[in-house]
Amino acid sequence: MTERITTKQYIKRYLKRCITGPWSLMCGLSVTLKYFFNPKRIVTEQYPENRKTLKMHERYRGRLQMVEDADGNNHCTACGMCERACPNASINVQPTKNIAGKKVLGRYVYHFASCTQCGLCVEACPFGAIRMCQEFEVATTDSSTLEMILNKKEGQG
Amino acid sequence: MPNISQMMTALSGAFPLGGMDIAFYVVAAVMLFTALLTVAAKNILQSAVFLIFSFVGTAILYMLLHAEFIALAQVMVYVGGVVIFVVFTILLTSHLGEDAFSAKIPRTFAAFALAIAFVAIMVKMILPIEALQAATPNAPEGYASLNAFALRLLSYGTDGFVIPFEVVSILLLMTLICSITVARKDKEEQNREQSKEVQK
Amino acid sequence: MFVPSITNPIGDVVREWVPKLAEYLPVAIQSETLNSIVAFLVNAVICVIAVCAVNIGSAPILIYMERKVCAHVQCRLGPMRLGWHGTIQTIADVLKMLFKEVYNPGGVDKIMYYMAPLIVLIAPFMVAALIPFGPTLVVADVDMGIPLIIAVNGFGVLGILLGGWSSNNKYSLLGALRSGAQMISYEISFAMILLFVVMITGSTNLMDITQSQSGTVLDWMIFKVPVIGFIAFILFFISSTAEMNRAPFDIAEAEQELTGGYHTEYTGTPFAMFYLAEYIALVTNSALATTCFLGGFHAPCIGVAAVDTYLNMVPGVVWFFAKVYFMIWCYMMVRWTFVRPRVDQLMSFEWKFLLPVNLVMLVIGAIYVALF
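Residues numbered from 1 in each chain as written. Chains lettered and ligands numbered in written order. Predicted model: local features only at pLDDT ≥ 70, side-chain atom pairs only at ≥ 80, totals over all residues.

## Some thoughts on the interface of chain C and chain A
With 10 residues of chain C at the interface, the matching set in chain A holds 12 residues. Looking at the side of chain C that touches chain A, the elements that each hand over two or more residues are α2 (32-73) and α13 (316-337) of chain C. Here the element with the most residues in the side of chain C that touches chain A is α13(C); it accounts for 3 residues. Residues that form the side of chain C that touches chain A fall into these classes: 7 nonpolar, 2 polar and 1 charged. (Contact = placed C-beta atoms within 7 Å. Helix = DSSP H or I, 4+ residues; strand = E, 2+ residues; numbered from the N terminus. Nonpolar A, V, L, I, M, F, W, Y, C, P; charged D, E, K, R; others polar.)

See below:
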């Protein structure tokens, strides 16, 4: 349904668009011209050639990783928030009991084959115990390697 | 045994204008063939396409007669305009390939009779061909050039066509305006449609 | 007999050598007429080869250029692997295209299906034959250059309509009808703006149009008529972009909506022909813009004698192709910058803006011709 306007309004709008239209086109063209004449702005990487020097962007989400200190201790309390947050059920937190009878992390099983790197588990974790690492060469010839146990040590709690 | 030069003279006797004549016969043959296909093709779109080739042949004939502008006008108007619109209407309206056009027998006979009558009249008209051969072409050089065309089209007096030209342009303008008036929705109709949309 | 109005050195050599070679023939069939006919035919073959070489040879260059320009506009690198900066990539692409199976889907009208790509190729090749590439480099120096260009443009519409219909596919038919409507509409403003050029120069011969722009840069059509010439150039640019079905006016192809439009069902060589026609049209339209607005093969002299002598030492063909490739670059920048309008926006732009402006331009051109 078109709005009803008078002829005068129509002419006014028509003439206004004759100016604003080309101006907006010029703005767009200036952006592309800037990109065209500025090869430094290119963001793509020549990947296999610059493999040694290639640095992945910070925001890149590779596979899941546990945040560990130098001794290999992690912050996980086996609360299972990440397991519930995962839409693909690719995380399986198996708790165990320590000597004091407290519930701690036993094995943190991660099925990389079904992970989509959405990052919801990282957001769900209340302790910042997991993160997405920057590793991107994740292809493998053996599907059994895709199922991994992330924690090196049992949780301290 | 006739030698080659005699053959050459015999050839030039058959084609007094050399390459022009050969070109004429070739183009005429192609034109006849495509015209026949236009009528014979079962698919209506195919006949439209063959019609285009026939028109292009006509344009080449005009070229051979040194009437370049007419040839280009032929291509512009018929190929670029009329047949494209015909193709458009065929594409938009008919269910192609579903019902092949079939002619009834009395109609076929009538068509044959008409065609034969037409050919007879044409042959009768062109029959005094020797008189045509003897007559010198009385159009001077550059008579059909674009320049001469434009000058005659826009000059007045005995040789000019400015008044018919203007009359035709006014006629075209009228048809344009009429087609817009026919195609556009009047206010009542628009209101009705709007109320329908509101109801939805 | 059979000597063109503008003679070329190559043609002269042929005309000189054919009688010399004819002396070895039997005396009975030696004749002046035969010599001239043979020389004419040899020259015609040379011309056909030249047009094909310019057209088909430029297609891989253009494909490479398009990919590179597109990539750099989008902050990418484009093809880099095959050859230096990916220069051999296009040859590999062309070879792949030619070795693909020529396949036609079931239920197509085979005659139409295989005729459509051929018809599409008619117009660009004919236009290329009319363009003067240099002072003596023109295949057909005809008086009716501009009307011929306007006339043969109709074949492009026909080929696209036939290709779309005969593919027996809804998307193809829809794309063909859209494209037909678009090309018919934009043909009008395309013709009108060429008529403006004809009006200013007073000739429909492309060679005369070029020669009338000799002198300094200020004598080029784009600057010759102050302001109006530039507006005419922009209008020509817009309408020729639409005429070629290039983005932003590529609603005929519109991958996102029509999966490729009229050439959805085409594969292999027929598809390559559609592709080729598109790129040749790009070359010929750029060449037309160069001829009509940018001074054709004339060097961009600036009026200073010391500089001009150096500029004039470069042959006209080089200048011509430099200008043509600049125009092609402009078309490519526009293609990769602007967004595609809707069908109704496209039509209302032509009929409500471009056509009135063109008519006004014609009137202003008439006033200019009358006053100066």
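## Regarding the sheet that holds strand β3 (residues 103-111) of chain A
All names here are of chain A. Across the sheet, 3 strands lie side by side as β2-β3-β5; this open sheet has antiparallel pairing. Each having just a single partner strand, β2 (91-97) and β5 (147-149) make up the two edges of the open sheet. Adjacent strand axes in the sheet meet at a mean angle of 25°, parallel and antiparallel pairs treated alike. Here β3 runs beside β5; their pairing, made up of 3 bridges, is antiparallel. Residue Y110 lies in a different strand from β5, and its bridge partner there is M148. (Pairing = 2+ DSSP bridges. Axes fitted to C-alpha atoms, helices over the stretch in contact; angles between N-to-C directions.)

## Observations concerning the interface of chain C and chain B
On the side of chain B, 22 residues touch chain C, which itself brings 24 residues to the contact. Sorting the residues of the side of chain C that touches chain B by element identifies α4 (110-130), α5 (145-166) and α6 (170-201) of chain C as the ones contributing at least two each. Counting residues per element, the side of chain C that touches chain B draws most heavily on α5(C), at 13 residues. Split into classes, the residues belonging to the side of chain C that touches chain B amount to 18 nonpolar, 4 polar and 2 charged.

## Thoughts on the domain arrangement of chain C
All names here are of chain C. Splitting chain C by domain gives domain 1 (1-57) and domain 2 (87-371). On a C-alpha basis, the centroid separation for the pair domain 1 and domain 2 is 31 Å. Taken residue by residue, the interface counts 12 residues in domain 1 and 13 residues in domain 2. When residues of the side of domain 1 that touches domain 2 are assigned to their parent elements, the largest contribution, 6 residues, is made by α2. Across the side of domain 1 that touches domain 2, the residue classes tally to 8 nonpolar, 4 polar and no charged. (Domains from an automatic or database assignment.)

## Overview of the pairing of β2(A)
Residue and element names in this part refer to chain A. The sheet contact formed by β2 and β3 spans 7 bridges and is antiparallel. Looking across to β3, one finds that N92 is bridged to V109. Here β2 folds back onto β3, and the loop between the two strands holds 5 residues, one of which, G101, carries a positive phi near 85°.

## Details of the environment of E350(C)
All names here are of chain C. Residue placement: E350 occurs in helix α14 (residues 343-371). With 23 C-beta atoms counted inside 10 Å, the residue E350 sits in the buried group. Distance in space between the C-alpha atoms of E350 and I238 is 9.8 Å, their sequence separation being 112 residues. Dropping the residues within four chain positions of it, E350 is found in contact with S185, Y186, S189 and L355. (Buried ≥ 20, exposed ≤ 12 C-beta atoms within 10 Å, placed from the backbone.)

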